[in-house]
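# Architecture and fold: a report
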Number of protein chains: 2
Amino acid sequence: MSKEITSRASDYSQWYNDLVIKGSLADYSAVRGCMVIKPYGYALWENMRDVLDRMFKETGHQNAYFPLFVPKSLFEAEEKNAEGFAKECAVVTHYRLKSDPDHKGKLIVDPEARLEEELVVRPTSEAIIWNTYKGWIQSYRDLPLLINQWANVVRWEMRTRLFLRTAEFLWQEGHTAHATSQEAQQETLQMLKVYATFVEEYMALPVIRGVKSESERFAGAVDTYCIEALMQDGKALQAGTSHFLGQNFAKAFDVKFSDRDNKLDYVWATSWGVSTRLIGALVMAHSDDEGLVLPPRIAPLQVVIIPIYKGAEKKDLLDARARDLASRLKTAGVRVKFDDNDNARPGWKFAEYELKGVPLRLAMGLRDLENNTAELARRDTREKTNVSMEGLVERIVQLLEEIQQNMFNKALIFRDEHISRADTWSDFERLLDEKTGFISAHWDGTAQTEEAIKEKTKATIRCIPLDNVPEQGACILTGKPSSQRVLFARAY
Amino acid sequence: MSKEITSRASDYSQWYNDLVIKGSLADYSAVRGCMVIKPYGYALWENMRDVLDRMFKETGHQNAYFPLFVPKSLFEAEEKNAEGFAKECAVVTHYRLKSDPDHKGKLIVDPEARLEEELVVRPTSEAIIWNTYKGWIQSYRDLPLLINQWANVVRWEMRTRLFLRTAEFLWQEGHTAHATSQEAQQETLQMLKVYATFVEEYMALPVIRGVKSESERFAGAVDTYCIEALMQDGKALQAGTSHFLGQNFAKAFDVKFSDRDNKLDYVWATSWGVSTRLIGALVMAHSDDEGLVLPPRIAPLQVVIIPIYKGAEKKDLLDARARDLASRLKTAGVRVKFDDNDNARPGWKFAEYELKGVPLRLAMGLRDLENNTAELARRDTREKTNVSMEGLVERIVQLLEEIQQNMFNKALIFRDEHISRADTWSDFERLLDEKTGFISAHWDGTAQTEEAIKEKTKATIRCIPLDNVPEQGACILTGKPSSQRVLFARAY
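Everything numeric in this text was worked out from a predicted model, so none of it was measured.

### A word on the environment of A:Val274
All names here are of chain A. Note that Val 274 resides in strand β16 (residues 268-275). The class for Val 274 is buried, based on 25 C-beta atoms found within 10 Å. Distance in space between the C-alpha atoms of Val 274 and Asp 50 is 13 Å, their sequence separation being 224 residues. Residues within four places of Val 274 in sequence aside, it is in contact with Trp 171, Gln 172, Tyr 195, Ala 239 and Gly 240.

### Focus on the domain arrangement of chain A
Here the domain parsing of chain A yields domain 1 (12-92 + 123-286), domain 2 (303-403) and domain 3 (419-489). The centre of domain 2 of chain A, based on its C-alpha atoms, is set 49 Å off from the matching centre of domain 3 of chain A.

### Brief notes about the pairing of strand β13 (residues 236-246) of chain A
Residue and element names in this part refer to chain A. The buried fraction of β13 amounts to ten of the eleven residues, a majority that puts the element mostly inside the structure. Two strands pair when backbone bridges link them, and strand β12 (residues 223-230) and β13 are joined in this way by eight bridges, in the antiparallel orientation. Paired with Leu 230 across the two strands is Ala 236, which belongs to β13. Relative to β16, β13 is paired through five bridges, and the arrangement is antiparallel. Residue pairing across strands places Phe 244 opposite Thr 270, the latter belonging to β16.

### Some points on the sheet that holds strand β19 (residues 360-364) of chain A
Pairing between the strands of a sheet comes from backbone hydrogen bonds, and it takes one of two forms, parallel or antiparallel. Residue and element names in this part refer to chain A. Strands sit in the order β18-β17-β19-β20-β21 across an open sheet of five strands; the sheet is mixed. Looking at strand neighbours, the two that pair on one side only are β18 (336-338) and β21 (384-388), the edges of this open sheet. Strand-to-strand twist of the sheet, defined as the mean angle between neighbouring strand axes without regard to direction, takes the value 25°. Across four bridges, β19 lies against strand β20 (residues 373-378) in antiparallel orientation. Following the sheet pairing, Arg 361 is matched in β20 by Ala 377.

### Quick word on unusual backbone geometry
Residues and elements named next belong to chain A. With an omega of -10°, the peptide bond between Leu 143 and Pro 144 qualifies as cis. By secondary structure assignment, the location of Pro 144 is in the loop between α5 (126-136) and β9 (145-154). Backbone geometry at Asn 372 places phi at a positive 55°, although glycine is not the residue there. Along the chain, Asn 372 turns up in the loop between α11 (366-371) and β20. Looking at Asn 372, the number of C-beta atoms within 10 Å reads 11, which means it is exposed.

### Overview of the environment of B:Met389
Residues and elements named next belong to chain B. For Met 389, the location among the structural elements is in the loop between β21 (384-388) and α12 (392-417). By C-beta crowding, Met 389 is classed as partly exposed, having 17 other C-beta atoms within 10 Å. Sequence-distant contacts of Met 389, defined by excluding residues within four places in its chain, comprise Asn 372, Thr 373 and Ala 374.

### Notes on the interface of chain A and chain B
On the side of chain B, 55 residues touch chain A, which itself brings 55 residues to the contact. Of the residues that constitute the side of chain A that touches chain B, the class distribution is 32 nonpolar, ten polar and 13 charged. Pairing geometry for strand β5 (residues 91-94) of chain A and strand β5 (residues 91-94) of chain B, over three bridges, is antiparallel. Bridge pairing in β5(B) places A:Val91 opposite B:His94.

### Overview of the relation of the copies chain A and chain B
Overlay of chain A on chain B (RMSD 0.0 Å): rotation 180°, translation along the axis 0.0 Å. Those values place the two copies in the arrangement expected of a two-fold rotation axis. Taking C-alpha positions as the reference, the residue of chain A nearest the rotation axis is A:Val92, at 2.1 Å.

The rules we used
- Residues numbered from 1 in each chain as written.
- Chains lettered and ligands numbered in written order.
- Predicted model: local features only at pLDDT ≥ 70, side-chain atom pairs only at ≥ 80, totals over all residues.
- Helix = DSSP H or I, 4+ residues; strand = E, 2+ residues; numbered from the N terminus.
- Buried ≥ 20, exposed ≤ 12 C-beta atoms within 10 Å, placed from the backbone.
- Contact = placed C-beta atoms within 7 Å.
- Domains from an automatic or database assignment.
- Pairing = 2+ DSSP bridges.
- Axes fitted to C-alpha atoms, helices over the stretch in contact; angles between N-to-C directions.
- Nonpolar A, V, L, I, M, F, W, Y, C, P; charged D, E, K, R; others polar.
- Least-squares fit on C-alpha atoms with pLDDT ≥ 70 in both.

Here's what the structure looks like:
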């Protein structure tokens with residue numbers, strides 16, 4: 001096999017990079033911190049996007065598109081939001097290049113083409129969108145306004161990692177406006193549920209639904225809800241967030257509506273987003289030392305058929321059978337490829353599709369031709385079975401669902417085994433270092449203690465789970481009284 | 001009717017803006033030259049995108065995503081391309097904002113966060129993509145490389161118009177790499193054909209396929225092929241381009257491959273794109289003084305059902321029948337809406353859906369309930385018919401196709417009536433001013449003459465039609481010998 005993958009045990013971080021690059025999901029680019037999403041990775045994103053898009057539309061949302069640029073004066077309007085993102089903004093200051101008089105064939109920024117007002121490349125679109133909503137909302141009849149946008153955003157991060165943290169990334173951002181606080185809060189929770197459903201049912205990744213502590217909140221939000229997933233190295237990953245924005249943006253952009261009694265009030269808002277970061281979570285949660293393991297429901301390719309033959313003997317018959325099966329699988333809605341490339345040997349192909357995480361591999365040789373059989377290999381368990389061609393299409397359809405379920409169960413067991421309770425500081429530190437995963441512990445509720453814990457251990461409060469049971473206790477660090485446990489973890 | 005539309009006769013340009021804004025396709029934004037694409041306009045774009053995306057995939061292309069930013073040094077590499085776009089580049093120079101020490105709550109660009117190398121916001125992606133392809137292509141086995149990208153691009157235009165010319169726009173850009181010149185040229189023509197098919201069959205807009213003169217070529221191309229459409233005011237609009245790039249970008253980015261005989265050669269390239277500009281063409285070509293007229297195949301909404309009732313009498317029965325019809329239409333694949341909004345009167349709704357260009361309107365009142373009928377109104381011809389509910393679903397499905405065809409035929413007749421031949425300069429000028437449309441005339445083949453004609457008349461060479469018949473003649477301006485006619489027009 002030509003493409004060596006670092007093992008998880010020897011270097012987890014390098015293993016991840018190997019999978020992303022050698023598994024053909026993405027590539028580094030010439031632009032610092034920006035990646036190229038390769039066709040295979042983009043096909044995966046398209047499948048994820050299509051499911052999410054359908055779920056958004058089913059819950060009454062429409063797509064729209066707002067400008068890439070935010071004039072600085074608008075960006076400033078909601079102060080906390082501006083403060084939160086100011087340090088990572090790419091800024092357009094000029095609108096023209098010109099020939100460099102000193103170097104033939106080179107260009108320089110034309111100093112005469114300086115913009116009167118600088119433009120921020122959107123790190124998130126609340127500002128430009130709420131400035132637009134001001135013109136769209138006058139009365140309660142214009143509400144709710146339920147809009148989503150699929151777009152690229154830019155956050156100038158100092159340390160970047162493919163998919164997990166890139167300067168530019170693709171995402172969707174929902175921005176809704178409501179007549180009442182209650183309705184906006186319901187929307188916030190509804191979208192959290194949509195995200196949780198998507199990640200669990202399509203990405204086969206169990207998540208904890210919770211609310212963020214104040215210091216982990218989205219800049220400008222009243223409350224940030226999140227779904228948190230667990231990676232195989234025991235670190236948590238925030239997989240999606242849904243924000244209740246209160247009237248903060250409506251006040252910053254002066255968006256008022258007249259209610260049924262003709263009374264003017266500020267509009268209530270939410271925003272929510274998931275990004276290509278989810279692909280990083282998918283890779284880290286399910287893959288193994290042989291390569292990617294992709295859940296069937298979103299895998300670009302669900303089944304690959306590989307013919308095994310020597311010379312030309314009966315090759316026609318083998319091809320015909322494979323093509324017939326592929327065609328019947330397609331009809332049944334399965335994403336299938338018959339790899340009849342003569343330039344690569346079966347062994348190379350086996351390794352390649354294993355690396356790419358294709359859920360099912362079917363190999364067919366001359367003996368199979370005689371016996372009316374094929375060899376079926378599952379990517380998740382790496383089990384091989386000899387199967388009859390009779391009823392094979394139905395069997396494959398069923399098996400794909402089984403793999404989906406099995407991947408979820410495996411991740412769920414791993415996740416549940418990695419939620420520990422700590423009641424003393426030494427337990428807390430030991431569990432974090434040795435067992436890793438989520439640690440459920442009491443916290444006195446202050447940002448100061450949260451920060452101190454983070455400095456000592458690098459662990460942050462991932463969330464206060466929505467299904468938390470109130471419990472009296474003493475803060476793990478300060479011993480001060482606490483009314484509930486929260487979930488800590490080291491995180492991506 | 002609350003939304004007044006300027007008529008075409010009184011102010012064509014204002015009529016267009018009225019349709020775009022009042023028809024809910026797009027809105028102006030706070031960013032100079034950038035627009036907001038509203039949900040209705042975006043739904044139209046999604047339909048167009050989905051069809052094109054399917055056609056690209058059927059011709060073997062895959063989607064990928066490349067960075068928004070192009071480092072200046074890469075941007076410069078292909079000189080003609082750089083020179084062509086330098087004047088309209090938005091440039092990122094800094095990566096951070098900070099608090100303004102002199103104005104509380106305001107931000108300034110942090111002078112210490114200047115980028116070592118400026119980043120150009122992509123006006124087109126040849127540079128960043130060919131720099132990436134260098135790492136992907138080594139051998140003839142890596143070819144052809146057939147990739148498409150859906151993305152936003154920025155061209156800092158001085159005069160902007162909604163959809164037709166905006167600083168930021170959405171588009172797709174295909175970038176392919178081939179082992180031979182011939183194969184690349186075939187790809188260029190294949191994609192031109194895909195565009196022509198899409199615009200004619202889905203947008204109901206006939207196009208002329210042709211090749212650009214040298215001065216109208218894409219910067220960096222060897223040949224630019226185009227499809228040209230005609231608007232109702234007799235001006236042409238370039239609806240899509242497909243470029244044969246030769247080895248220009250391969251040489252600029254040093255992309256070589258070893259062929260079957262292990263000989264190294266530069267790769268051959270194409271690029272091709274269409275953008276949200278197509279929506280502008282759609283609006284201008286088909287609409288009338290009452291509003292938009294959208295072709296059924298891409299209309300966000302194909303049928304609207306409007307109930308007509310007084311008080312609550314038999315409203316339940318009416319609603320039940322409308323819902324049943326809507327549900328049967330949906331099952332038949334029709335995009336239908338039953339507008340049961342009580343806050344708006346039928347007359348207002350009629351005008352609103354007419355403005356939005358919904359191809360078919362069904363009105364159902366109490367008498368229809370008795371007679372088992374409905375009133376069917378076509379948007380394209382504005383004909384109204386009383387129809388029986390019997391077999392109505394089939395009739396509607398058929399009628400939608402009829403409308404699609406009728407819109408194309410109408411546009412084709414208009415276009416063909418507006419192709420004139422001119423053999424003298426005075427005819428040329430008179431036809432341009434009085435008849436408008438395309439003028440087929442002899443041209444001596446020089447850029448100088450082309451420029452002189454443009455200065456005198458504002459008409460440009462739209463293309464040399466692919467099906468041109470060679471013909472000896474004298475240049476319309478200089479009288480010098482010419483071997484073929486070319487198509488002139490004033491254009492968007």
